[in-house]
Amino acid sequence: MHGWMKAAASVLAVALALSACSTGEDDAVPAATTLPSDASPAVTTTAASPATKALPPETTALPPTTAAPESTTTTAPEAETTDAVADAAADPDVSPPPGAGIGDSFYPWLGNSGYDVIHYELKLDVDPDTNTLDGITTVHGVSTGELEKIYLDLSGLDVSSVTVDGVAAEFSREQAELIVRPATPVPAGIGFTVEVAYSGTPERINDPGVPFARIGWFNQNGVIFTANEPSGSMSWFPSNNHPTDKATFTIAITVPEHSTAASTGVLVEESAADGRRTFTWQMNDPMATYLAAVYIGEFERHTQETRDGLIIRDYIPSSLTDEQRQATLEALSVTPGAIEFFEELLGPYPFDAYGTLVLPFSIGFAMENQTLSLHGDRTLIPLIIAHELAHQWFGNAVSPGDWSEIWLNEGFAHYLAFLYLADYGGHDIAALMANELQAARNANAGPPGSITVAQLFDFPTVYQRSTLTLYALHRHVGDETFFEILRQHYQRSDGGTATTPDFMAIVAQHAGPDAVALLASWLYSPEIPTTLD
Ligand code: ARG
Ligand code: ZN
């Protein structure tokens, strides 16, 4: 097949997936979505995958626009979440008390104020057979004002004890808040430590931004993995659950001897005792809570390296046949080149390592967990591998300051993935974008700069129109200025968060008011602008 058609096919796969009704959940294969044969993913690792060319929407990493009722499709063996606990976390109609909430316009209850977290230390003892965990999370924070109460975001699970600076503290639960009352108030401007001991089966969160799946801690077909974005991390550890409070992490996971536990960061220690094995992972760069991951199952580790010696450690299922293993490794072999491509455009890869964890089944999305992206077995195509990789710069190193500005994540990752695809496959970016424009028009994509929470992962609006937004800017200002703008955006906010006005200011500085006006029309005008026609 001609390279261009291959690209078109993967674009088509994305478009077709959108018209199919999917759950993104545990995962019923929906009615046939027929694709051209070469649009098949590079790898198929499940024996049960359909023999025909009909592929489920998992073919793309990208969320479907149509939510299906979960009850008709879920086969999850785990406990069901209670809506009362989970939904309240993001209830926009009830104002949080002072201290609970950090001011996100979509999620008033997410995050907390009065302190900054510096480091999280998680010790999770997990029994995969029963999907239960025994956890201790230690939050090392600095108070920004006097704290009579310390709010942490936590949904479900049983808390058995809390200490503040080693002294037992009273605590209560309300909505998805763990409210801690230190024996004596924490004075303003000092370091403090909260240690929370808890246990139970994590219950995934109903998040109004992710109507197509519950999020957080998944237990599926004997594998445990996490996909938190945006609110799900509170299903498995207490935190200041908002990207504006990033911190470093140590995550130690204890599992049965035969299991492997992987996480975000660098594996710094592995030890065994009493038939259990502990894997300790260290994230040395600031990380938003939604990007922290736990993966438990039977995996084998394979490593690759970029020209500059960045280690890529991929985790693939131990259960693969030789042929599947070879196909999986072959699909993942684009990673070093893709990293080098982005490094040339954007500057050095932001973290200590990269890699992909591949599940032995399909899921309805892929997820850019920091340093170790998550893929099901049907998303290992260059566009989607590059998309999750590009998020390491935009999304992870630079995170959204408010969830309503998620175009800064998905538009950047998707446009950069297309630039990679164009380079890798020898395609014309203009032709790729003409397709996206048509698709966005057909779907009547709205303005990505003014979405509702339910549109957080709306594909035409947040992925396609944001991609076109950046392409329109790129065409308007030319290569040199465009990549200078991207590099500035990355450098200025690396390790923190950025907002649309932050990005606009860089555009204004490098490209002037016409470029800002162009950007604004793509982001905010109800109609799709005609500047690319
Ligand atoms: N950020 C993911 C991506 O790269 C989308 C994840 C949506 N799914 C979810 N469970 N939050 O497109
Ligand atoms: Zn994405």
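Residues numbered from 1 in each chain as written. Chains lettered and ligands numbered in written order. Predicted model: local features only at pLDDT ≥ 70, side-chain atom pairs only at ≥ 80, totals over all residues. Heavy atoms only, no water.

1. A short note on the overall build of the protein chain
Looking only at helices and strands, one finds nine helices and 22 strands in the protein chain. Relative to its full complement of 533 residues, the protein chain shows a buried share of 61%. Across the protein chain, every contact between residues at least 6 apart in sequence was considered, and the portion connecting residues at least 24 apart equals 70%. Counting only carbon and sulfur atoms, one obtains 51% of the accessible surface of the protein chain, whose full area is about 18500 Å². (Helix = DSSP H or I, 4+ residues; strand = E, 2+ residues; numbered from the N terminus. Buried < 20%, exposed > 50% of the residue type's maximum accessible area, 1.4 Å probe, protein only. Contact = heavy atoms within 4.5 Å. Areas by Shrake-Rupley, 256 points an atom, 1.4 Å probe, with all protein chains shown as cover.)

2. Focus on the sheet that holds strand 3 (residues 150–153)
Overall, antiparallel pairing links the three strands, which are arranged 3-7-6 in an open sheet. Either end of the sheet is taken by a strand with one partner, and the two such strands are strand 3 and strand 6 (170–174). Taking each pair of neighbouring strands and ignoring which way they run, the sheet shows an average axis angle of 25°. Inspection of the sheet shows strand 6 paired to strand 7 (residues 177–181) by five bridges, in the antiparallel sense. Within strand 7, the residue paired with Phe171 across the bridge is Val180. (Pairing = 2+ DSSP bridges. Axes fitted to C-alpha atoms, helices over the stretch in contact; angles between N-to-C directions.)

3. Regarding the sheet that holds strand 4 (residues 158–164)
Spatial ordering of the open sheet is given by 5-4-8-2-1-11-14-13, a layout of eight strands whose pairing is mixed. The sheet terminates laterally at strand 5 (167–168) and strand 13 (266–273), the two strands that pair on one side only. For strand 4 and strand 5, the ladder comprises two bridges, and the chain directions are antiparallel. Residue pairing in the sheet places Thr163 in a bridge with Ala168 of strand 5.

4. Some points on the coordination of the zinc ion (ligand 2)
Coordination of the zinc ion (ligand 2) by the protein comes from His387 (NE2), His391 (NE2) and Glu410 (OE), over a distance range of 1.9 to 2.0 Å. Of note, the donors binding the zinc ion (ligand 2) are all from one chain and are spaced H-x3-H-x18-E. (Donors = N, O, S within 2.8 Å, 3.2 Å for Na, K, Ca; no water.)

5. What about the nonpolar core?
In this structure, Val126, Ile150, Val194, Phe225, Phe249, Leu357 and Leu374 are the most contacted members of the largest nonpolar core, which totals 79 residues. Among the elements that take part in this core, strand 1 (residues 115–127) stands out by supplying six residues, more than any other. Apart from the residues within four sequence positions on either side, Val194 is in contact with Thr137, Thr138, Val139, Ile150, Leu152, Val162, Thr163 and Val164. With 68 residues, the next largest nonpolar core counts Ala331, Tyr354, Tyr420 and Ile506 among its residues. (Core = buried A, V, L, I, M, F, W, Y, C linked by side-chain atoms within 4.5 Å.)

6. Remarks on the packing of aromatic side chains
Overall, the coordinates contain 29 aromatic pairs when judged by the stated rule. Look at Phe218 and Phe225: their rings are 4.8 Å apart centre to centre, the planes differ by 15°, and that puts the pair in the stacked class. The exposure class assigned to Phe218 is buried, which follows from its relative accessible area of 1%. Classification of Phe225 as buried rests on a relative accessible area of 0%. With a centroid separation of 4.7 Å and an interplanar angle of 65°, the aromatic rings of Trp236 and Phe237 are classed as edge-to-face. Across the pair, Phe237 and Trp236 agree in class, each one buried. Taken together, the ring pairs in this structure connect Phe341, Phe342, Tyr349, Phe351, Tyr354, Trp393, Tyr420 and Tyr424 into an aromatic cluster. (Phe/Tyr/Trp six-rings, centres within 6.5 Å; stacked < 30°, edge-to-face > 60°.)

7. Focus on the site of ligand 1
Around ligand 1 there are 13 residues in total, and Glu229, Glu368, Glu388, Glu410 and Tyr463 lie nearest to it. With respect to ligand 1, the backbone of Glu229 contributes an N or O atom lying 2.7 Å from a nitrogen atom. The contact in question runs from an oxygen atom of ligand 1 to an N or O atom on the side chain of His391, over 3.3 Å. Burial of ligand 1 by the surrounding chains reaches 100%, relative to a free accessible area of 350 Å². Among the residues forming the shell around ligand 1, the class breakdown is seven nonpolar, two polar and four charged. (Near = heavy atom within 4 Å. Polar contact = N/O pair within 3.5 Å; in protein donor to acceptor, adjacent residues only side chain to side chain. Nonpolar A, V, L, I, M, F, W, Y, C, P; charged D, E, K, R; others polar.)

8. Side note on the environment of Leu383
For Leu383, the location among the structural elements is in helix 5 (residues 382–390). For Leu383, a relative accessible area of 2% corresponds to the buried category. It is 9.8 Å that separates the C-alpha atoms of Leu383 and Tyr424, two residues lying 41 residues apart in sequence.

9. Some words on the pattern of salt bridges
For the coordinates displayed, the defined rule picks out nine salt bridges. In this structure, the salt-bridge partner of Glu270 is Arg277, at a minimum N-O distance of 3.6 Å. Exposure remark for Glu270: the relative accessible area of 45% places this residue in the partly exposed category. The class for Arg277 is partly exposed, based on a relative accessible area of 24%. The closest approach of N and O atoms between Arg307 and Glu344, which form a salt bridge, is 4.0 Å. Highlighted residues: Arg307 in the loop between strand 16 (299–305) and strand 17 (311–317) and Glu344 in helix 4 (residues 335–346), separated in sequence by 37 residues. Classification of Glu344 as exposed rests on a relative accessible area of 62%. Each of Glu300, Asp322 and Arg325 takes part in a single network of salt bridges with overlapping partners. (Salt bridge = Lys/Arg side-chain N within 4 Å of Asp/Glu carboxyl O.)

10. A few points about the environment of Asp502
Within the secondary structure, Asp502 is located in helix 9 (residues 500–524). Since its relative accessible area comes to 36%, Asp502 is described here as partly exposed. In sequence terms Asp502 and Arg492 are 10 residues apart; their C-alpha atoms lie 9.2 Å from each other.

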